Amino acid sequence: MKITRKDFLRLSGLSFLAGGAMEAARAIAGRSSAATESQSTPVAQSVRWGMVVDLRRCQKEKGCTACTDACDAAHNVPRLADPQHQVNWIWTQPYETVFPFIQNGYAEQSDAGIPVPLLCNHCASPPCVHVCPTQATWKRADGIVMMDWHRCIGCRYCMAACPYGSRSFNWVDPRPAIAHINPDFPTRSKGVVEKCNFCEERLANGLKPSCVDACPQKALVFGNLADPNSEPRQLLRQRFAVQREPELGTGPSVYYLV
Amino acid sequence: MFMFEKAIRGSRQYWIWLFCLLCVILAGLAFYLYQLNLGLGVTGMSRNVSWGMYIAQFTFFVGVAASAVMVVLPYYLHDYKAFGRVTVLGEFLAITAVVMCCLFIFVDLGQPARVFNIILYPTPWSLMFWDMISLSGYLLLNAMITVVTLTAEREEVAPPRWIRPVIVLSIPWAVSIHTVTAFLYSGLPGRSSWLTAIMAPRFLAGAFCSGPALLILFCLILRRTTGFDVGQKAINALSVIVTYAMVINVFFILVEAFTVLYSRIPADVAHLQYLYLGLDGNYHLVPWMWLSVLLAAVALALLLVPSWRRNPVILPIACLAVFFSLWLDKGLGLIVGGFVPSPLDTVTTYTPTLPEWSIVLGIYAIGAVMITVFYKIALAVHGEIGEADVHVPAVPAGPADR
């Protein structure tokens, strides 16, 4: 049998594709089983980091930006001129846009415009993690939703999936917009998504998140939600607390005392 | 390789056309390099409207690609002989559209150099992964089918028998590409305007009218410029397909609107209000959305009367109306409208920038080159077995050369 050049090219193309497909199939089989193990929640979870935001305390300090400033400085978050390109880890939005379901038509006067600190909710079932095509964002066993800025391809599917607007994309190179670079924390490149990481780098050293430490009113209370005696759990027992959009079933780890 | 020798012989007109397209491609490439250098900040996208033209156009062209099934299915499953000449044109259109889709995704990536991370870290619970599988599979199937059937046609022999199961597989596969693309959006908890089970059916209906409408336009252009005629019977059958699909598409849109407007759930109403009435003093999409409605109405009126539908002057107008109505509805409003208002109730204006338009046009031009070359090959094969040499298929693409 004579093999022409055309046949040879066709055959090698097909075998290349077949090899690739097999490799992909093997990878899927291997990874999906590994992933289901890691994604399933352990029965008795010992640590689940969470935060309680006391809005009454937060309100006392008018115009305060201590949490944002501390976080931005610690994590090399850029301050960009264009608000559309802004990168936010912890920031504030008016009360009525954050909790539209609490509006009863009469209480607005007192609450309207109150700035509510927002950050990543570190959901129990994070939609961003479900959609990410490269597992560049994932949930740790302690509940922190992490982000690998070196694996992220910048497709922004996670931004579409996040119901809280907690994810920011680096539309431009962030580095020139960082006033003082903190050498202990990485800067990001353009074209990747980032968000609050609950200061996992500080937790690893036994510290609390920098926003919590920076708050002059101690309005941010951080701790282990899995521990019934932790500070946040005590607060949640005593006061009426809400989560953002709990009906979506994402299970936010950030609670607000209203 | 695959009869490309047929594409490198052409008249002056043919080369001028390709040269013009090349210029558009180069302009797009230059702006892409600019975007690559400065980041996606050079586009009109923002933290609230984080997907724009690129993803919207991707969505629209997945539909065009899927629509090939509307000629493949009658021809191969029902042995509908009238589609004998148009089927290969439909398959070539599908290949071109899929390649354009891949390019639209690629230019939207913030870190394009890492694109292979999707394969390196396969993530079966991400719909994006399945979209990659279904699109690349569809490309492969159609490439195989066209190569095999066209080669057989040139050799004047029957295509090998093993290709038939491949063709049959390509039919549900075509449905799958647009279904998976709809699932990309309809499975997200926080975007109420996308969170609808009718998204995939609506996508398919929209695809099955806009794709065949484009195919009719191409056939009419081929008839005029090259004398290659797919046959009036095929055109008429295609126009019936466009009519039914357009009726179903409009029906689905109205069904969707009813649920939203009658239930009056504020978060759902807000998206429609933004698109059709304007929200918080922001009206910039309103004229475009009403233009889409107007075009849909015109298209339906022209298509529903059989004698108008068969009229060689009215039919292309109706097809253009269908195409642009869907282009605005799916290639603009659907994606942008899903982001506004944002989860935090922010209304953000999205205006595509010059670099963004240029890159989109560049991809259109790549599509136009592909269609020109593919159709030239197809016509040359038909010419060899039919009458004498075939002239230049000067095929202008859709909106690229408005």
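Residues numbered from 1 in each chain as written. Chains lettered and ligands numbered in written order. Predicted model: local features only at pLDDT ≥ 70, side-chain atom pairs only at ≥ 80, totals over all residues. Heavy atoms only, no water.

### A closer look at the interface of chain A and chain B
With 58 residues of chain A at the contact, the number on the chain B side is 46 residues. Of the roughly 4,100 Å² buried at the junction of chain A and chain B (both faces included), carbon and sulfur atoms supply 59%. Looking at the side of chain A facing chain B, the largest losses of area belong to Ile153, Tyr157 and Trp171 of chain A, adding up to 17% of the total buried there. Here chain A is connected to chain B by 1 salt bridge. Across the pair Arg156 of chain A and Asp108 of chain B runs a salt bridge whose closest N-O atoms are separated by 2.5 Å. (Contact = heavy atoms within 4.5 Å. Buried area = accessible area lost by both parts, 1.4 Å probe. Salt bridge = Lys/Arg side-chain N within 4 Å of Asp/Glu carboxyl O.)

### Describing the nonpolar core
Counting 191 residues, the largest nonpolar core has Met51 and Tyr256 of chain A together with Leu89, Tyr185, Trp194 and Tyr375 of chain B as its most contacted members. If we skip the residues at most four places from it in the chain, Met51 of chain A touches Leu119, Phe198, Cys211, Val212, Leu220, Val221, Phe222, Ser253, Val254 and Tyr255 of chain A. (Core = buried A, V, L, I, M, F, W, Y, C linked by side-chain atoms within 4.5 Å. Buried < 20%, exposed > 50% of the residue type's maximum accessible area, 1.4 Å probe, protein only.)

### Brief notes about the pairing of strand β10 (residues 254-257) of chain A
All names here are of chain A. With burial as the criterion, each face of β10 is covered, one bearing Val254 and Tyr256 and the other bearing Tyr255 and Leu257. Here strand β1 (residues 49-54) runs beside β10; their pairing, made up of 4 bridges, is parallel. Paired with Val53 across the two strands is Tyr256, which belongs to β10. Bridge count between strand β9 (residues 241-242) and β10: 2 bridges; the pairing is antiparallel. Note that in β10 the partner of Val242 across the bridge is Tyr256. (Helix = DSSP H or I, 4+ residues; strand = E, 2+ residues; numbered from the N terminus. Pairing = 2+ DSSP bridges.)

### Some words on the pattern of salt bridges
All names here are of chain A. All chains considered together, the criterion is met by 15 salt bridges over all chains. Residue Arg57 pairs with Asp54 through a salt bridge whose shortest N-O separation is 3.8 Å. Glu194 is paired through a salt bridge with Arg188; the nearest N and O atoms lie 2.7 Å apart. Here Glu194 matches Arg188 in class, with each residue buried. Here the salt bridges do not stand alone but share partners, grouping Asp54, Arg57 and Arg239 into one network.

### What about the domain arrangement of chain A?
Segmenting chain A into domains produces domain 1 (1-32) and domain 2 (48-257). One C-alpha centre belongs to domain 1 of chain A, the other to domain 2 of chain A; they are set 46 Å apart. (Domains from an automatic or database assignment.)

### Some remarks on the sheet that holds β9 of chain A
Residues and elements named next belong to chain A. Ordered in space as β8-β1-β10-β9, the 4 strands form an open sheet in which the pairing is mixed. What marks the edges here is a single partner per strand, and that holds for β8 (220-224) and β9. Alignment of β1 against β8, held across 5 bridges, turns out to be antiparallel. Pairing of Val53 across the sheet is with Leu220, part of β8.

### Some points on the packing of helix α2 (residues 53-66) of chain B against helix α4 (residues 86-108) of chain B
Residues and elements named next belong to chain B. Packing of α2 against α4 leaves a shortest axis separation of 8 Å and a crossing angle of 165°. One element, α2, and the other, α4, form an angle in the roughly antiparallel class. In this structure, the crossing between α2 and α4 has a hand that is left-handed. Contact with α2, carried on its side by Tyr54, Ile55, Gln57, Phe58, Phe61, Val62, Val64 and Ala65, involves Leu93, Ala94, Ala97, Val98, Met100, Cys101, Phe104, Ile105, Val107 and Asp108 of α4 and no other residues of that element. The residue makeup of the contact of α2 with α4, split by class, is 16 nonpolar, 1 polar and 1 charged. (Axes fitted to C-alpha atoms, helices over the stretch in contact; angles between N-to-C directions. Parallel < 35°, antiparallel > 145°, perpendicular 65-115°, else oblique. Left-handed = near helix turned anticlockwise from the far one by under 90°. Nonpolar A, V, L, I, M, F, W, Y, C, P; charged D, E, K, R; others polar.)

### A look at unusual backbone geometry
What you tend to see is this: most non-glycine residues have negative phi, and most peptide bonds are trans. Geometrically, the link from Val340 of chain B to Pro341 of chain B is a cis peptide bond, its omega value of -5° lying close to zero. By the secondary structure assignment, Pro341 of chain B is in the loop between α13 (314-339) and α14 (354-385). Phi is positive for Cys199 of chain A, close to 50°, though the residue is something other than glycine. By secondary structure assignment, the location of Cys199 of chain A is in the loop between β7 (193-194) and α8 (200-203).

### Comments concerning the layout of surface pockets
Size it by volume and the second largest pocket reaches roughly 1,300 Å³. Leu17 of chain A together with Ile119, Met132, Ser136 and Gly137 of chain B are, among the 33 residues lining the second largest pocket, the residues nearest its centre. Where the lining of the second largest pocket is concerned, the elements lending two or more residues are α1 (5-39) of chain A together with α4, α5 (117-120) and α6 (127-155) of chain B. No other element matches α6 of chain B, which puts 13 residues into the lining of the second largest pocket. Residue composition of the lining of the second largest pocket, grouped by class: 28 nonpolar, 3 polar and 2 charged. (1 Å grid on protein atoms, 1.4 Å probe; cavity = no way out; pocket = protein on both sides within 12 Å on 5 of 7 lines; lining within 4 Å. Points joined across faces, edges and corners; volume = space filled by probe spheres on them.)

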